[in-house]
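# Coordinates in review
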Amino acid sequence: GLFSGSSPDGPAGFASLRQLGVRTVISVDGTTPEVTEALKYGLRYVHLPIGYDGVPRDKGLAVAKAVRELPRPVYLHCHHGKH
């Protein structure tokens, strides 16, 4: 129920997630997410930005809660899919 990787790349990226059955996208990337594009594919988008200096406890708990409670499958991503 959990996929991870880099930011979805435009319409093709969101279409691929939808084809995988993904229902929720969670971004920990600092850049503004493409919420409007995600909605076109019926995807819920949650933005919980985290910096490269570590994961504050409250952010970690928020991400865990989102993964646990939001519709699955979930796609969790940062910018490059490496951190």
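Criteria and thresholds
Residues numbered from 1 in each chain as written. Predicted model: local features only at pLDDT ≥ 70, side-chain atom pairs only at ≥ 80, totals over all residues. Heavy atoms only, no water. Helix = DSSP H or I, 4+ residues; strand = E, 2+ residues; numbered from the N terminus. Polar contact = N/O pair within 3.5 Å; in protein donor to acceptor, adjacent residues only side chain to side chain. Core = buried A, V, L, I, M, F, W, Y, C linked by side-chain atoms within 4.5 Å. Buried < 20%, exposed > 50% of the residue type's maximum accessible area, 1.4 Å probe, protein only. Contact = heavy atoms within 4.5 Å. Pairing = 2+ DSSP bridges. Axes fitted to C-alpha atoms, helices over the stretch in contact; angles between N-to-C directions.

As for its position among the elements, Ser-27 is in strand β2 (residues 24-27). Within polar-contact distance, the side chain of Ser-27 engages the backbone nitrogen of Asp-29 at 3.2 Å.

Attention now goes to the nonpolar core. Membership of the largest hydrophobic core is limited to ten residues, which are Ile-26, Val-28, Val-46, Leu-48, Val-63, Ala-66, Val-67, Leu-70, Val-74 and Cys-78. Not counting chain neighbours up to four residues away, the residues in contact with Val-74 comprise Gly-1, Leu-2, Phe-3, Val-22, Thr-24, Ile-26 and Val-67. Among the nonpolar cores identified, the runner-up in size contains eight residues, and Phe-14, Leu-17, Val-25 and Tyr-45 belong to it.

This next bit is on the environment of Ser-27. Taking the relative accessible area as the measure of exposure, Ser-27 reaches 1% and is therefore buried. Sequence separation of Ser-27 and His-47 is 20 residues, and the distance between their C-alpha atoms is 4.9 Å. Once residues lying within four places of it in the same chain are set aside, the contact partners of Ser-27 are Tyr-45, Val-46, His-47, Leu-48, Pro-49 and His-77.

Attention now moves to the sheet that holds strand β4 (residues 74-77). Strand order in this open sheet of four strands is β1-β4-β2-β3, and the pairing throughout is parallel. Only two strands of the sheet have a single neighbouring strand rather than two, namely β1 (2-5) and β3 (44-47). Here the average twist between neighbouring strands, direction ignored, is 20°. Bridge analysis of β2 against β4 gives four bridges, and the strand direction is parallel. Along β4, the bridge assignment pairs Ile-26 with Leu-76.

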